[in-house]
Amino acid sequence: MAEITRDVLIIGAGAAGLTAANDLRKAGLSVAVLEARDRVGGRLWTDVIEGAMLEIGGQWVSPDQDALKDAIEELGLETYSRYREGDSVYVGPDGQSHRFTGEMFPVAPETEAVIAEITERLDAMVAEIDPDRPWAHAKAEEWDTVTWDAWLRAQTDDDEAVRNLAFATGTAMLTKPTHSFSLLQSLLMAASAGSYSNLVDADFILDKRVVGGLQQVPQRLAERLGDDVLLNQPVRSLEWGPNGVKATTDDLTVSARYAILAHAPVLYSRISFVPPLPRRQHQMHQHLSMGFVIKVHAVYETPFWRKDGLSATAFSPYELVHEAYDNTNHGDERGTLVGFVSDANADGVFELSAEERKERILESLSHYYGDEAKNPVVYYESDWGSEEWTRGAYAASFDMGGLHRYGADLRTPVGPIHFACSDLAGAGYQHVDGAIRMGQLAASNIVDAIRD
Ligand code: FAD
């Protein structure tokens, strides 16, 4: 068994871990990044499938994501805007598709008024929430013990309004059924993006992409670290105490003064901690779980929807594919659609054969774009639920009541062990921006601790 020693060992070569490692290096500390997979990037992964370049994990950048935007600029990467010219499409409860422009879905005027009024109220509540400390709000307990669905249904009996309001933080973001998480968790999701309105504005939240794919952020960060990034090294155990830490993989031990756990919290229990983590962490980590969404990629000879005056932006709380967009790569002549199938719908289609699933999903896309959508030249489903080192998508969130009960300890170090991941972030929560912020925070806390 090979043995190495560093100042800090980092478990996970995603955006969080690689940001932390680079910051620690800049502060003059030595690092080793241990990565379970045979590649860096974690939930950022660009691959070529049947000749089509696809971003299998995260890809979009929004204007408020300063930490990510700074990283993109500093790493010399270029961005481009998502195609958004033309009409959007909404499929209503009658199953009919309606074209529209702007942010408000083409619903009946009474429903529109309800959506506008509740959105205003939500924006006011979100403005009171500090995304880094949602548990500190005076009403945190009250808001964390009512489900997102129940709270919305207590505001109005207009079902279409409820479904459309629930959608932004539920199906589309936390990717869990809206009865399974709290109003407070929903407000955190919105606060992490600046406001509830920002989150429902596709032009804001899905603004830009990186030419060549967002995985280049972790790839370039890893290049700077060279041999200090070690692939195929799943950490099996972590000994810790006042004198430091020792991580063991299948063929390596790394000793260090500090460790950063830089992966999804649902995977902490894959590591044997010696001694065990404290009771508080044991309990807290059981109340965090991954959402589940399938990202569907369909590539066509041309972006055929554009000639019909469609932007390809499409939504429906009634459709299997609840949202879809033009995802054509920069400079590509072929057209790509990306669509999402979330929570219970995702469970349902995984009961089907691959052929049936594809047929159902393409059928749903055709409700937005017509029959041409049924015949892509390349079709691919990103299935993060079956990835051993992720186990869901997009990220982890607390179950009912967990956020006010445990949230304040999410990022609290345990002895020499620090925690960093997008799933623990306030601003940029569940996004690459949050991963980078958490990587920076863990690194600066360790640098401060060493200086003290
Ligand atoms: P991860 O990327 O999960 O990295 C953790 C790393 O740790 C992994 O490489 C894993 O293999 C490794 N690891 C785990 N356990 C061990 C162990 N025991 N030993 C060693 N290594 C281990 N975000 C956006 O900003 N924009 C988007 O458009 C967007 N879309 C998304 C679409 C999908 C389908 C998915 C899945 C995510 C999306 N996200 C998006 C979220 C974003 O990708 C993540 O929030 C972010 O990449 C997480 O980074 P991280 O470093 O915190 O964790």
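Residues numbered from 1 in each chain as written. Predicted model: local features only at pLDDT ≥ 70, side-chain atom pairs only at ≥ 80, totals over all residues.

When you go through the protein chain residue by residue, the secondary structure sums to 15 helices and 23 strands. Taking 2.2 N^0.38 as the reference for a compact globule, 452 residues should give roughly 22 Å; the C-alpha atoms of the protein chain span a radius of gyration of 22 Å, in line with that estimate. Expressed along its principal axes, the backbone C-alpha trace of the protein chain runs to roughly 65 × 50 × 40 Å. In the protein chain, which comprises 452 residues, the proportion classed as buried is 51%. (Helix = DSSP H or I, 4+ residues; strand = E, 2+ residues; numbered from the N terminus. Rg over C-alpha atoms; globule rule 2.2 N^0.38 Å. Buried ≥ 20, exposed ≤ 12 C-beta atoms within 10 Å, placed from the backbone.)

Neighbouring residues of the ligand: 41 residues in total, closest G12, G14, G42, G58 and S422. Here the residues of the shell around the ligand sort into 22 nonpolar, 13 polar and six charged. (Near = placed C-beta within 6 Å. Nonpolar A, V, L, I, M, F, W, Y, C, P; charged D, E, K, R; others polar.)

Once that is clear, we can look at the sheet that holds strand β13 (residues 252-256). The mixed open sheet is built from five strands, whose spatial order is β1-β13-β12-β11-β15. Either end of the sheet is taken by a strand with one partner, and the two such strands are β1 (2-5) and β15 (272-274). Adjacent strand axes in the sheet meet at a mean angle of 15 degrees when their direction is disregarded. Here four bridges tie β1 to β13, and the two strands are oriented parallel to one another. Directly across from I4, in β13, lies its bridge partner V254. (Pairing = 2+ DSSP bridges. Axes fitted to C-alpha atoms, helices over the stretch in contact; angles between N-to-C directions.)

Strand order across the open sheet formed by seven strands is β8-β7-β18-β19-β20-β17-β21, with mixed pairing between neighbours. Every other strand in the sheet has two partners, leaving β8 (97-100) and β21 (378-382) as the edge strands with one partner each. Here the average twist between neighbouring strands, direction ignored, is 20 degrees. Across five bridges, the pairing between strand β17 (residues 293-300) and β21 is antiparallel. In the sheet register, V299 faces β21, and the bridge partner there is V378.

All right, on to the UniProt feature "domain: Amine oxidase" (unreviewed entry) in the protein chain then. Sites flagged by UniProt as "domain: Amine oxidase" (unreviewed entry) map to residues 16-446. As annotated, residues 16-446 comprises 34% helix and 21% strand, and the C-alpha atoms at either end are separated by 15 Å. (UniProt positions renumbered as here; feature names shortened; annotations may be inferred.)

Our next topic: unusual backbone geometry. Residue V274 is joined to P275 through a cis peptide bond whose omega torsion reads -5 degrees. With an omega of 0 degrees, the peptide bond between A393 and Y394 qualifies as cis. The phi dihedral of E50 falls on the positive side, at around 45 degrees, and the residue is not glycine. In this fold, E50 is placed in the loop between β4 (46-49) and β5 (52-55). Taking the number of C-beta atoms within 10 Å as the measure of exposure, E50 has 10 and is therefore exposed. Non-glycine residue R391 carries a positive phi angle of around 75 degrees. Note that R391 resides in the loop between β21 and β22 (396-398). Judged by C-beta crowding, with 17 C-beta atoms within 10 Å, R391 ranks as partly exposed.

What follows concerns helix α2 (residues 66-74). Helical geometry note: an α-helix holds 3.6 residues per turn, so side chains three or four residues apart project in the same direction. Among the residues making up α2, those that are buried are A67, L68, A71 and I72. Along α2, the residues classed as buried sweep out an arc of 135 degrees about the axis, all on the same side. Summarising the geometry of α2, the exposed residues directed more than 90 degrees from the buried face are D70, E73 and E74. Tucked into the core, α2 has its buried residues touching β6 (79-81), β9 (208-210), α10 (216-225) and α15 (432-451). Downstream of α2 by one or two residues, G76 has phi in the positive range, about 75 degrees. (Arc of directions from axis to C-beta. Contact = placed C-beta atoms within 7 Å.)

Let's shift gears to the environment of D23. For D23, the position within the fold is in helix α1 (residues 15-26). Separated by 416 residues in sequence, D23 and G439 place their C-alpha atoms 8.3 Å apart. Filtering out sequence-adjacent residues up to four positions away, D23 remains in contact with G439, Q440 and A443.

At a minimum axis separation of 7 Å, α2 and α15 run at an interaxial angle of 85 degrees. Between α2 and α15, the angle falls in the class roughly perpendicular. Only V432, D433, I436, R437 and Q440 of α15 make contact with α2, whose side of the interface consists of A67, L68 and A71. Among the residues forming the contact of α2 with α15, the class breakdown is five nonpolar, one polar and two charged. (Parallel < 35°, antiparallel > 145°, perpendicular 65-115°, else oblique.)

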